[in-house]
Every structure is written in C-alpha cells, then in structure tokens.
Amino acid sequence: MSISVKTFDSAAEAARALIGDRTARFMGGGTLIMRDINEGEQSFSTILLAKDQALKQIHARGEQIVIGAGVTMAEILSSRELDFLHPAARSVGGPAIRNMATVGGNLFAAHPYGDLATALLTVDASLVLAGGEQGMPLADLLREREREPRPVVMSLTVTRPQQRAFRFKKVSRVKPKGVSLMTIAANLPQQAGRISGARIAYGSMGAAPMRVPAVEQALEGKTLDETGIAQAVTVATSGVEPPTDAIASTWYRHEVAPVHLKRLLLERAS
Amino acid sequence: MSVEFRKDLFADERDDNLNEIGKPTRRQDILGHVTGRSPFYDDHLFEGLLHVRCVRSPHHHARIRSIDTSEAERMPGVVKVIRASDVPNNFNTLLSLLNFGRDDEPLISDKKVAYIGEPVLAIVADTDRQARDAVAAVRVDYQVLPHVLDVEDALKPDAPVVNETYPNNTFDYHDKYDHQKLRFGDVETAFSQADKIIEGRYQMSPIEQAPIETNGAIAAPETNDRFVCYTSTQALFFSLGTTAKLLNVSSNRLHFIGGTVGGGFGGKVDSLVEPMAILACMLTGKPCRFVWDRPEEMQVGAPRGAERWYLKDGVMNDGRIIARKFTGYFDAGAYTRLSSYAIIKGTAHLPGPYTIPNVSSDVFCVYTNRTPATAMRGFGVTGVDFAIESQMDRVAQAVGMHPVELRIVNAYRDGDMKAHRREAKNCALIECAQVAAEKASWPIRDEFKRMSSLHGGGGERARIPYTVTDENGRIGERRSGGVAPRPTTVLPPATPAPPPPAVAPTPTAQPDYAHPAAAPPYTPLSPAPLGPPPATPQPSPPLTKEPAEPPARQANRPGYSRFASNSGFRRR
C-alpha cells in the first residue's frame, strides 16, 4: 500500500474524513506517525493534515488558557502564559522533537510517552473537539483513546494553577532524553497552609496517563510535610497497575513510586 | 581534566615517552562528522535501487510447515522473493574462516526457527514500503515448539534442542568436552584447608551495541561479473570471506567498500546484511539495498551475550585467596556466532589479575532460543570481571578487610605464574590500587602502601603446581546421563588420565596455606603439610608437565587448526 496524504483547510473537515476511513490517521507534528510510516506500519495508509490556524493558537482568558492542539512543545516553552507547563514540555524528547511534537499528539502518544498529557490532567484540561463538542474532560479522552474513530482535538482549556502549586517530575534512566519510567504531576492548591483540591497524575504507570484519586484524597486537608503526606505515600500505587516494559517491571514501578511521590511532595516549591 | 603520570613506578621497566596519552589529539574522522561530509554506505545510492526486507519469525522456536508467498508475489513493486533454496551455500558459522566450530546457521531458515526475528524469507521490491507491505502479506505456517531461554535449563536432559548442529545445547570444545576447562593446582584440597569458603552467583543481561547507523549494505553489479558492496561492516574482509562462502563465489568477484562505520562496538561483525544484499543483486541483476530498521537492530542484531557465573573461593583469614573455582554459562542464543571464542578469551583471563595457586574453571557455551550473541567491546572478559570484582568485595567483607587491601594482597606481581601458565609481566595492579585508594581518600595500612608489583613475585609463586585433571563433561555425557552441572559441589574423583610424563613435582610440595608469612608472598613449608591431608589419592595424580604445552592430543584432522586457551591459535 502506498501512503496517501490529504490536506484540509479546517480541522473539522479532517475530522469528518477520519470518521469514514479506518485506514486514515490525523497527523499533528508527525513524531509518532512518521516513525510508524518509516517502519512500514500496516494499520493505516492515509495521512490527514489540517492547515487550520486555530490549531496553533494560545490565548488566555483570565485564569483559563486555551491551547491549540497543534501547538508544539517548543511553542509552549516560548509562551509566558504557559510557564507552569514548561517543565513538562521540556521533558519531551530533544529540541528536534520538541519543534515538531504537538499537544494534541501527546494526548494520543502510547505508553511510555505522554508526559505533557500527565501534566495537563492536573490543571483541569477540557477539550474542544473538531466536531464541535466542548467540555470533554481530558481524563475521559485518555481512558478511551484507542477507540475508533478517534476524535480530532481542536484545543484544550486549562486553568492556571495557584502560584507555586504545580509540580512535575519525569523519572527516566537516560538523561536528559530518556523515556519515562514514571512521570508525576501534582497541582496542590493550599488554603491557610492546608491542601485543598489536590490533583495528582501519573504517566507511564498504566495504559495512559491517569489521575490518582487515592493519593488526592489522602492529601486533602493535609500539610505539605513529612507527617502530612505520610498517608498519601502509603497509598501511592493504590488502584494503579503499572506495566512491565523495557524500562522497568511492574514490581519496580510499585517499589519506587512512593519514593518519587514523596520526593516530589516534599520538594521545596521553586 | 589534568592527567597525572606516575612514570616513576616503572621507570626501569619500559620506555614511557608517551606520544598520545595526555596530549590533545583530533580524531581522524571528526572533521567529516561535524561538517556532515563523512561518507556512509547509505550515501551510495544507485538509479533503480531495489530494497530488501525479511519475513521474520514471531516465535522463539518453531518448525516451519509451509510458506505461502502467493499474495505477496502479486503485490505492486515486488521484484523477487528470495527463499532459503536461493542461497547457494545456506549454512555457515562465522568462525569457520578460522576453522573453529561447525557450520550451524542458515542465512535464511525455511525448516526451523530458533529465535524471534530469525529470517525466513526475503523480499526485493522497488521501494522499501512495497517490500514491507509484501512481507506483511506472506503467510507462514509455524508449528510452535517448546523453547528454552535460560542457560541452566538448556543443559537439562529434557531441554528442547535449540541448534541441531550441537544437539546437547553446548558448543563442543576440543572435540571432547561440552565446556572449556581450566585446571591449575588442586582447588578441592585447598578448599579443605581454607579458613573460609565464599560463594557467589553473578549474572549479566545481554547488552545491545545500539549504533546510530543500523546494519546495512548496498550491492550493485560491477563490470567483469563482479559485485560491489558498500557496507557498514566493522570487519571488511571478514564480511567478504563470509559472503563468498555463503554465496559460493570466489572472493575476487566481490568488491567490498567500507568507509565510515556509523557506530559498531562489535555489532557489525556478523556479516548478515552483505550476503543478503549481494544475493538480491545476483538474483535481480539490479542494485539492492538491505538495511535493518531500528526494531531489527534491537531484536535481531546480536548483542553482547548474557552470562551467569558461580564463583567459589577458599580464603585464609589474612585475605589470601588460595583457591578459586568458576562455573560459567555464556548464553550464545540460538547460534554460535562468536560466543565460543568469547569463552576461550574469558578463560585465559581467569582468575582475574590475582595470583591464586589453585584455580579451576568450567565454562559452557550454551544455546538457548534467544537472539544470537556476538562481539561487544571486550566480550568474554567484561562479564566475568564484573563477577570477579563483585566477589572480591564479598570476600573482603567476609574476612573483614579493606577491599583495596584485599586486592593488593592477592594481586599479580612480576614473575608470578598465571593460571593459564604464562608468567605475569609488567604488573601494576598494586600500584593502581594504592593510587586509587589515595585519590579516593580511602586510606590503606602502611604495609599495603609499601607493597610493590616489582618485588615479592616469582620464586614459589612462579611454580606450576601439580594439577588435578578430570574427564568430566565429555560431549553428550550430560544429556544422556542426565547430570546437570552442579557448580558448587565437589567434583567426583578424577578418572586417572593416561600415564603422565615423568618429571613433576610430588604431592608433598603441597603448600601449607594455614601458616603464611606475615605478609605475602606466602612461603610454603615443606615437606610435611600441616593442614589436613589432600583429598586426592597420594600416588601420582594426573599431572601437567610443561607450562606452554597441554597434554599431547591425537591430531585427528590434518590441517585442522583451532584455538586453545593456553596457547592461542594452533595449527595441527
């Protein structure tokens, strides 16, 4: 099968073409799809592109920031509004990859990728789809992202975290460009010195990035110190079934997750 | 980083006018690399270049019932399907160029596959994509066989036979044993005299060389019925010789052009891509390119093999190791490639850089249903070094000694006899250890600071001890007798060997390990041993006579040459 490429003016048209064609893939930056093509992946033979400028926009409305799905990691890194996402964007690949890899692509990047998506889970990301649907929580998409036909994401809306509330850690064996053994994002808003509305997400600890409700609940109303986080560390992998892959085994991920979580929680906010 | 030279240590031993070390040297190829002008094999593209891809086994171990290429052959761009029967001489072993080992591996396997990724068929097409699509359309009917992935499991009598050439799942050493032996002195007697016995099990996983440029070759027809081949090989004439054999052509019809190797580290000596590219070129008359993609490089490209080692040391309370016994298992994967040789090399390295008067080693080259292993930077030595040095730390802990002092007390000194019967020369471990301890601010005691590689060696330490030999592990014995190797148990009494040559030290020269001098070198007391009597029968145990010569063997094949652990490459 030769590969055909179809280019559309709007993402909505591309999304319609995607629905009718199982052999088509919508391509963002191409860091994953072009690799598949180079390796002769047989599951698709058509690439859909969209020249839609809306995909490339970043704009803030108060505490809400809308990020186009075609925004690259490099563009996040050059955006002042998205400064809290810089550590996550910087953890993706090297400079060449960051110049190509998009926000939208990261949402569909299979394990062990998806570091940015892990971060986005903690800032209440909701999606606008190319078909017009709005407000779909990112977690819902991640849970069912393998299901065909895959939606085309237009943009995400995130809520800027409180000052110094956001933390991010990507644990990898090779530095600085290794894939993730475990990625942790934490949004820890505080009221009067106590955590209120904690959001914790893990990457590379399951089929897709996920929130960790057990840890979030254990942190509620607690202080960010050794005693305050003790319960959260105990339940670090509660409800989590980490995979075994070339980087680490299930056992190993279970063992180290509490350690990395504890370090992140006790890290002094910079 | 500044370099500090300690030329004073060996000033009278060698000319230390170093021309390169410590001086800035520009790599000869760096200008081409940083300016993007280094020529790689893949830069030699031809008009009408065809592309080769392999159908590969998805199973560890399977018999091939049938291969259906009908759909693939009809696909657009497909020029040629290459089957096992198209390979003129489809059976080879890499070291056959040195007459070491028997042919055991096809270039294309259509009867049986013994590892995931083994090539079953190749397809030549106009584009890489078309070749890949056609590969995906080939239907292979496999009868999955039981597989074995662990070296010790592979030695069990009921283990599946991985490689028909070696039905015992072990390489045949010296046409006689299922393992490579090293015998020096009498470890069992020394164990009985030791203050402590320390045992360890060590294991190393395979390591992929991971070159940036994957293995590949481009072949094209040349004038005068020759073929030109641009290749990534690390070993140009090795690849040329291997190709000539597999394709049954005279080597002067092959024009190999190397150039820049885009990273090799041992992963580009197996010569699998060149024969395939040239064969495709022969069969189509067109230029052909055969390149592994990254997953192939990782899955099919031969890694440094896995190793497992059992070590048993007999140690005196003052830290002297008086006996060391090894049982090693090299995981060759499904085919020999270079693992057999790695073991020869590794055996010559035992027992590490230490003067240990009694050493015994059995090392097995084991076939399993894993990716065949091959060369990688110091292969054969690095793995067992990890085992040895980890064991040294364990010994230091057991006798309550500084790990650096333990190494100093046991280190080779000039004039000492190594276990493979070569004299130690230019030794420097003691000095290195002293400097390392000093630099690391990890102080050692004065007596250890005063020790030197130059003094205290030789003499009694240069003696070749009377050596207990045995006939254990004859080829096939293990499988038929159902005795798996037991690394930590005492060997059964040695079968008497043919009458040894007369001149040999008598058993009464057995050193006394219990009462050493205050510091090494130890001086054995004679004649009466103070320790328990040796376990071996007193009258004339099998002896070795001369250091450089192993016991005379029957020359069975004229002109047959092979490696020996103690004398290198020999012609018989």
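If you're wondering where the values come from, they're calculated on a predicted model, not measured in any experiment. (Residues numbered from 1 in each chain as written. Chains lettered and ligands numbered in written order. Predicted model: local features only at pLDDT ≥ 70, side-chain atom pairs only at ≥ 80, totals over all residues.)

*Asks:* Can you explain the overall build of chain A? Please cite residues and give values.
*Replies:* The secondary structure content of chain A amounts to 11 helices and 14 strands. Computed over the C-alpha atoms, the radius of gyration of chain A is 19 Å, within 12% of the 18 Å expected from 2.2 N^0.38 for a compact globule of 270 residues. By its C-alpha atoms, chain A is 60 × 45 × 30 Å across when sized along the principal axes. Taken across its 270 residues, chain A has 41% of its residues classed as buried. (Helix = DSSP H or I, 4+ residues; strand = E, 2+ residues; numbered from the N terminus. Rg over C-alpha atoms; globule rule 2.2 N^0.38 Å. Buried ≥ 20, exposed ≤ 12 C-beta atoms within 10 Å, placed from the backbone.)

*Asks:* Requested: an account of the overall build of chain B, with residues and values cited.
*Replies:* When its secondary structure is counted, chain B shows 14 helices and 17 strands. Per-residue burial over chain B gives 45% buried out of 572 residues. Relative to all contacts within chain B whose residues are 6 or more apart in sequence, the contacts with residues 24 or more apart total 78%. (Contact = placed C-beta atoms within 7 Å.)

*Asks:* Summarise the domain arrangement of chain A; cite the residues concerned and give the values.
*Replies:* Residue and element names in this part refer to chain A. The domain boundaries assigned to chain A delineate domain 1 (4–50), domain 2 (53–159) and domain 3 (166–266). Using only C-alpha atoms to locate each centre, domain 1 and domain 2 end up separated by 18 Å. Counting from both sides, the interface comprises 14 residues of domain 1 and, opposite them, 19 residues of domain 2. Of the residues forming the side of domain 1 that touches domain 2, the biggest block, 6 residues, is contributed by helix H1 (residues 11–19). The residue makeup of the side of domain 1 that touches domain 2, split by class, is 9 nonpolar, 4 polar and 1 charged. (Domains from an automatic or database assignment. Nonpolar A, V, L, I, M, F, W, Y, C, P; charged D, E, K, R; others polar.)

*Asks:* Break down helix H11 (residues 250–266) of chain A for me, with residues and values.
*Replies:* Residue and element names in this part refer to chain A. In this model, H11 (17 residues) spans 25 Å end to end at C-alpha, consistent with the 24 Å of a helix rising 1.5 Å per residue. The largest bend in H11 comes to about 35°, at Val256, with the proline Pro258 one to four residues further on. Buried residues of H11: Arg253, Ala257, Leu261 and Leu265, and no others. Buried residues along H11 sit against strand E10 (180–187), helix H9 (213–219) and helix H10 (226–234). (Expected span 1.5 Å × (residues − 1). Bend = angle between axes of the 7 residues up to and from the residue.)

*Asks:* Quick rundown of the interface of chain B and chain A? Include the residues and the values.
*Replies:* Many structure descriptions define interface size as the accessible area lost when the parts assemble. Tallying the contact residues gives 6 residues for chain B and 5 residues for chain A. The element that contributes the greatest number of residues to the side of chain B that touches chain A is helix H3 (residues 128–137) of chain B, accounting for 4 residues. A breakdown of the residues in the side of chain B that touches chain A according to their chemical character gives 2 nonpolar, no polar and 4 charged.

*Asks:* Give a detailed account of the sheet that holds strand E4 (residues 58–61) of chain A, specifying residues and quantitative values.
*Replies:* Residue and element names in this part refer to chain A. Taking strand neighbours across the sheet as the criterion, the 5 strands line up as E4-E5-E8-E6-E7 in an open arrangement whose pairing is antiparallel. What marks the edges here is a single partner per strand, and that holds for E4 and strand E7 (134–137). Within this sheet the neighbouring strands show an average axis-to-axis angle of 30°, counted without direction. Taken together, the 5 bridges between strand E5 (residues 64–68) and strand E8 (residues 153–159) define a ladder with antiparallel strand orientation. Looking across to E8, one finds that Gln64 is bridged to Thr159. (Pairing = 2+ DSSP bridges. Axes fitted to C-alpha atoms, helices over the stretch in contact; angles between N-to-C directions.)

*Asks:* An account of the sheet that holds strand E8 (residues 196–204) of chain B is needed here, citing residue identities and associated values.
*Replies:* All names here are of chain B. Pairing is mixed across the open sheet formed by 5 strands, whose spatial order is E7-E15-E14-E13-E8. Lying at the two open borders of the sheet, with one neighbouring strand each, are strand E7 (180–184) and E8. For this sheet, the mean angle separating the axes of adjacent strands, direction not counted, is 10°. Pairing between E8 and strand E13 (residues 307–315): 9 bridges, direction antiparallel. Within E13, the residue paired with Glu199 across the bridge is Lys312. Contacting E7, strand E14 (321–333) and strand E15 (359–367), helix H9 (residues 339–348) runs over the sheet at an angle of about 170° to E15. Contacting E8, E13 and E14, helix H10 (residues 382–399) crosses the sheet at an angle of about 145° to E8.

*Asks:* So what's going on with the pairing of E7(A)? Residues and values would help.
*Replies:* All names here are of chain A. In terms of strand pairing, strand E6 (residues 126–129) meets E7 through 3 bridges, oriented antiparallel. Across the sheet, the residue bridging to Ser126 is Pro137, located in E7. Linking E6 back to E7 in an antiparallel pair, the connection comprises 4 residues, with Gly132 at a positive phi of about 115°.

*Asks:* Now, about H10(B): what can you tell me, with residues and values included?
*Replies:* Residues and elements named next belong to chain B. The end-to-end C-alpha distance of H10 is 26 Å, a good match for the 26 Å that 18 residues give at a rise of 1.5 Å each. Within H10, the full set of buried residues consists of Gly383, Val384, Ala387, Ile388, Gln391, Met392 and Val395. Packed against the buried residues of H10 are E8, E13, E14, H9 and helix H11 (403–410). Directly beyond the C-terminal end of H10, a positive phi value near 65° is found at Gly400.

*Asks:* Got a sec to walk through the packing of H10(B) against H11(B)? Specific residues and values, please.
*Replies:* All names here are of chain B. Where H10 meets H11, the closest approach of the two axes is 9 Å, and the angle between their N-to-C directions is 105°. If you check the angle between H10 and H11, you find them roughly perpendicular. Where H10 approaches H11, its residues Met392, Asp393, Val395 and Ala396 are matched on the opposing element by Pro403, Leu406 and Arg407. Counted by class, the contact of H10 with H11 contains 5 nonpolar, no polar and 2 charged residues. (Parallel < 35°, antiparallel > 145°, perpendicular 65-115°, else oblique.)

*Asks:* Could you give an account of the environment of Ser205(B), with specific residues and numbers?
*Replies:* Assignment of secondary structure puts Ser205(B) in the loop between E8 and strand E9 (216–222). Ser205(B) sits 37 residues away from Asn168(B) along the chain, and the two C-alpha atoms are 23 Å apart.

*Asks:* For the pairing of strand E10 (residues 226–231) of chain B, give the residues involved together with the corresponding values.
*Replies:* Residues and elements named next belong to chain B. The pairing of E9 with E10 spans 6 bridges and is classified as antiparallel. Following the sheet pairing, Ile218 is matched in E10 by Tyr230. Counting the residues between successive antiparallel strands, the hairpin from E9 to E10 contains 3 residues, one of them, Asn224, with a positive phi of roughly 60°. Strand direction decides the pairing type here: E10 and strand E11 (residues 254–257), joined by 4 bridges, are parallel. Within E11, the position partnered with Val228 by the bridge is His255. Note on the crossover from E10 through helix H6 (residues 236–246) to E11: the handedness is right-handed. (Right-handed = clockwise from strand over helix to strand, strands pointing away.)

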